[in-house]
Amino acid sequence: MAANPKTLRILASHPEGSSARALEIETIDGSPLAPTAGKYIIVNTGVVVGEKAIKRAYSLLPVPGVPHRARLLVKRLGGPGSEVMHAAPVGTELSFSGPWGKLIAPGHDAPVSDGADAPRTLVVATDTGITTALGIALHASTLSTCRVLEVLWLRSEDETFLDVDSVEARIEQAGVRFVHAAVLPASDPNRVHTAWSHVDARVAELGAELVIASGDGAIIHPLRTRWALPEVRIECYFHNPEKKSA
Ligand SMILES: Cc1cc2nc3c(=O)[nH]c(=O)nc-3n(C[C@H](O)[C@H](O)[C@H](O)COP(=O)(O)OP(=O)(O)OC[C@H]3O[C@@H](n4cnc5c(N)ncnc54)[C@H](O)[C@@H]3O)c2cc1C
């Protein structure tokens, strides 16, 4: 387990699309962030509201060959966390904890047992949850033992976070198939039904044995009880029904 808290430094940044900022970060003490697949850090933004320190989770994307560096992709949402992550100049140091996360496909962190096949894995991402999918797909490309078959990105037509073409290029370059489908905006209570129908279709076609899902908790949280799959692993970025203020 990583020692916490630690400090990161922002090394470089650039805008992506109309609402995202890409940040390259490194740990000050040189401690590793890799392997980053499906993992995230919790950044202390330094903002205090009332008496509460504002801490937010951001998913890690690998910087190949440099374990103590990683990339973050942050969507500006108007809240205190993403505002700081967009405004912080290069050189800023922020404390963080992690890496955390349980969205590691078998074969990612260690080879599956001799003779055993890794499960046929479908990665489902909604909205900004695509950052987890990117981390998993980029890492999968370096391994021969995992079977991430496809990333399914469910995004609303008005989504401004990363464009489909750039995400598709990065995921397919990693050797993982990419499919995207339109869903209603996150504020629409009816979006879950179309989202589930897309997931159902991909699970059936791929014969998926494991679903790894990130993003809107209203869509992905119920996946754990929706199919008789051996395992569904989730990370709710927002609308987490297990949190009081989701
Ligand atoms: C494990 C994990 C990994 C995450 N990884 C990333 C990441 O890689 N990139 C990233 O940009 N964000 C990521 N998030 C979301 C991030 O932690 C913050 O919630 C987000 O930046 C909003 O923080 P805020 O303080 O700006 O807004 P808040 O004041 O916390 O939220 C403002 C409003 O936006 C809603 N909201 C929060 N996140 C989203 C979203 N993604 N889409 C639509 N509405 C949302 C909230 O429900 C709330 O109503 C992750 C969250 C988790 C739990």
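Relevant structure appears above.
Let me sum up the structure you'll find in this document. (Residues numbered from 1 in each chain as written. Predicted model: local features only at pLDDT ≥ 70, side-chain atom pairs only at ≥ 80, totals over all residues. Heavy atoms only, no water.)

1. Structural notes on the overall build of the chain
Thinking step 1. Each helix and strand in the chain was counted, giving six helices and twelve strands.
Thinking step 2. Against the compact-globule benchmark of 18 Å for 246 residues, the chain has a radius of gyration of 17 Å, which places it among compact chains.
Thinking step 3. Principal axes of the C-alpha set define a box for the chain whose edges measure 45 × 45 × 35 Å.
Thinking step 4. For the chain, the share of sequence-separated contacts (at least 6 apart) that also reach a separation of at least 24 residues comes to 67%.
Thinking step 5. Surface exposure of the chain reaches about 11400 Å², of which carbon and sulfur atoms provide 53%.
Thinking step 6. Measuring between centres, the 24 positive side-chain charges of the chain sit 5 Å from its 27 negative side-chain charges. (Helix = DSSP H or I, 4+ residues; strand = E, 2+ residues; numbered from the N terminus. Rg over C-alpha atoms; globule rule 2.2 N^0.38 Å. Contact = heavy atoms within 4.5 Å. Areas by Shrake-Rupley, 256 points an atom, 1.4 Å probe, with all protein chains shown as cover. Lys, Arg positive; Asp, Glu negative; His and termini not counted. Charge placed at Lys NZ, Arg CZ, Asp CG, Glu CD.)

2. Focus on the site of the ligand
Thinking step 1. Taken together, the neighbourhood of the ligand is formed by 20 residues, with Arg 56, Ala 57, Tyr 58, Ser 82 and Thr 128 sitting nearest.
Thinking step 2. Within the contact set of the ligand, an oxygen atom lies 3.1 Å away from a backbone nitrogen or oxygen of Ser 59.
Thinking step 3. In this structure, Thr 128 approaches the ligand through a side-chain N or O atom, which is 2.4 Å from a nitrogen atom.
Thinking step 4. Considering the ligand on its own, with 910 Å² of exposed area, one finds that the protein chains cover 79% of that surface.
Thinking step 5. Those elements that provide at least two residues to the shell around the ligand are strand 4 (52-59), strand 6 (69-75), helix 1 (80-87) and strand 12 (231-238). (Near = heavy atom within 4 Å. Polar contact = N/O pair within 3.5 Å; in protein donor to acceptor, adjacent residues only side chain to side chain.)

3. Considering the environment of Thr 36
Thinking step 1. Its location among the elements puts Thr 36 in the loop between strand 2 (20-27) and strand 3 (40-49).
Thinking step 2. The buried category is assigned to Thr 36, whose relative accessible area is 1%.
Thinking step 3. Distance in space between the C-alpha atoms of Thr 36 and Val 151 is 17 Å, their sequence separation being 115 residues.
Thinking step 4. Those residues within four positions of Thr 36 in sequence are excluded, and the remaining contacts are Leu 60, Leu 61, Pro 62 and Ala 70. (Buried < 20%, exposed > 50% of the residue type's maximum accessible area, 1.4 Å probe, protein only.)

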